[in-house]
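What the coordinates show
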Amino acid sequence: MSISGFWRHWKRCDDDLWLWLWLWLYWLRIGIGRPQLPDDLMPLLQPAFALRGWDFEPASTEAPGNLSVVYVVDTGDSFTVVRPEDVERWGASLEEVHEVALDNLERQTDDEEPLLCEPSGNWELCGWSTSDGYDATRMIVPGLRRQIEQEYDGAEAVYAAPMDDVYVALPRQAIERGNSEELLRTKVARDFQTADNPVS
């Protein structure tokens, strides 16, 4: 239906319910709203030095710590890095791609990978170590960070993601007391240096 056809039909509608129904159907037809992005669109946190070795430019968003978020379509059977031309073809902005990818990772994590917490001295060490390639990326998902802070009764947490398959957190209080800070830094630095896929 064209816009003029929709307008003519709207003028014949006496009932507001029919108007809203036609408006809703028209919006569906022309695709008003959020672009249709792949259901298996995921974010992937990558260090800047790793991207320099790629022979193409991925669609990416800068992240703190000399990191970038690239986007992938991960069907389980195939893994495709999203390029800027893909984002353009989808009719989306990079911000929309980022938002959908974070939502997808949060939903997948909630469904399949519950938060793990285990004692570490007088504190609990919480995080994910699933080896699915997205553990470090979970650090940038606000809803997943909130889950950790809820475990710590709302206390601020300190996060570490030395490699792509490890993401851990401790309450800031634990780091600020005693020598925990130096122990954590040493452990994270060692993991980063020896990892096959270091992140930050």
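Everything below is about the structure shown above.
Residues numbered from 1 in each chain as written. Predicted model: local features only at pLDDT ≥ 70, side-chain atom pairs only at ≥ 80, totals over all residues. Heavy atoms only, no water.

1. A closer look at the sheet that holds strand E8 (residues 167-171)
Read from one edge of the open sheet, 4 strands run E5-E6-E8-E7, paired in antiparallel fashion. The open sheet has two edge strands, strand E5 (116-120) and strand E7 (157-160), and neither has a second partner. Looking at each pair of strands side by side, their axes are set apart by 30° on average, direction ignored. Examined bridge by bridge, strand E6 (residues 123-128) and E8 share 3 bridges and lie antiparallel to one another. Each bridged residue has a counterpart across the sheet, and for cysteine 126 the counterpart in E8 is alanine 169. In this fold helix H6 (residues 142-151) packs onto E5, E6, E7 and E8, with an angle of close to 165° to the strand it touches most, E6. (Pairing = 2+ DSSP bridges. Helix = DSSP H or I, 4+ residues; strand = E, 2+ residues; numbered from the N terminus. Axes fitted to C-alpha atoms, helices over the stretch in contact; angles between N-to-C directions. Contact = heavy atoms within 4.5 Å.)

2. Re a negative patch on the surface
A cluster of like negative charges, contributed by Glu118, Glu124, Glu151 and Asp153, occupies part of the molecular surface. Positionally, glutamate 151 belongs in helix H6. With a relative accessible area of 41%, glutamate 151 lands in the partly exposed category. (Patch = residues over 30% accessible without salt bridge, like charges linked within 9 Å, V, L, I, M, F, W, Y side chains within 5 Å. Areas by Shrake-Rupley, 256 points an atom, 1.4 Å probe, with all protein chains shown as cover. Salt bridge = Lys/Arg side-chain N within 4 Å of Asp/Glu carboxyl O. Lys, Arg positive; Asp, Glu negative; His and termini not counted. Charge placed at Lys NZ, Arg CZ, Asp CG, Glu CD. Buried < 20%, exposed > 50% of the residue type's maximum accessible area, 1.4 Å probe, protein only.)

3. Comments concerning the state of the cysteines
Tallying each qualifying case throughout the model produces 1 disulfide. Covalent S-S linkage joins cysteine 117 and cysteine 126, the inter-sulfur distance amounting to 2.0 Å. Between cysteine 117 and cysteine 126 the sulfur-sulfur dihedral comes to about 115°; the bridge is accordingly right-handed. Taking relative accessible area as the criterion, cysteine 117 reaches 25% and is therefore assigned partly exposed. When its relative accessible area of 1% is taken as the criterion, cysteine 126 is described as buried. (Disulfide = S-S within 2.5 Å.)

4. Comments concerning the pattern of salt bridges
What the rule picks out here adds up to 4 salt bridges. Where aspartate 86 meets arginine 89, a salt bridge forms, and the shortest distance between an N and an O atom there is 2.8 Å. Taken together, the residues span about one helical turn, with aspartate 86 and arginine 89 both in helix H4 (residues 84-89) at a distance of 3 residues. Across the pair aspartate 132 and arginine 138 runs a salt bridge whose closest N-O atoms are separated by 2.7 Å. Residue class for arginine 138 comes out buried when judged on its relative accessible area of 0%.

5. Focus: the packing of aromatic side chains
Here the structure, examined in full by the defined rule, presents 1 aromatic pair. Ring geometry for tryptophan 54 and phenylalanine 56: centres 5.7 Å apart, planes at 35°, overall tilted. Note on tryptophan 54: relative accessible area 26%, which makes it partly exposed. Just above the ring of phenylalanine 56 sits the side chain of arginine 83; from NZ or CZ to the centre is 4.0 Å. (Phe/Tyr/Trp six-rings, centres within 6.5 Å; stacked < 30°, edge-to-face > 60°. Lys NZ or Arg CZ within 6 Å of the ring centre and 35° of its normal.)

6. Describing H6
What H6 keeps buried is the set Gly143, Leu144 and Ile148. Around the axis of H6, the buried residues are gathered within 150° of arc, so they sit on the same side. The secondary structure elements touched by the buried residues of H6 are helix H5 (94-112), E6, E7 and E8. Just downstream of H6 lies aspartate 153, where phi reads positive at about 55°. (Arc of directions from axis to C-beta.)

7. What to know about the nonpolar core
Core analysis: the biggest nonpolar cluster contains 40 residues, and Leu41, Tyr71, Val82, Trp90, Val97 and Ile148 have the highest contact counts within it. Going through the elements one at a time, strand E1 (41-47), strand E3 (67-74), H5, E6, H6 and E8 are the ones with two or more residues in this core. Of the residues forming this core, the biggest block, 6 residues, is contributed by E3. Residues contacting valine 97, with those up to four places away along its chain left out, are Leu37, Leu41, Tyr71, Val87, Trp90 and Ala92. (Core = buried A, V, L, I, M, F, W, Y, C linked by side-chain atoms within 4.5 Å.)

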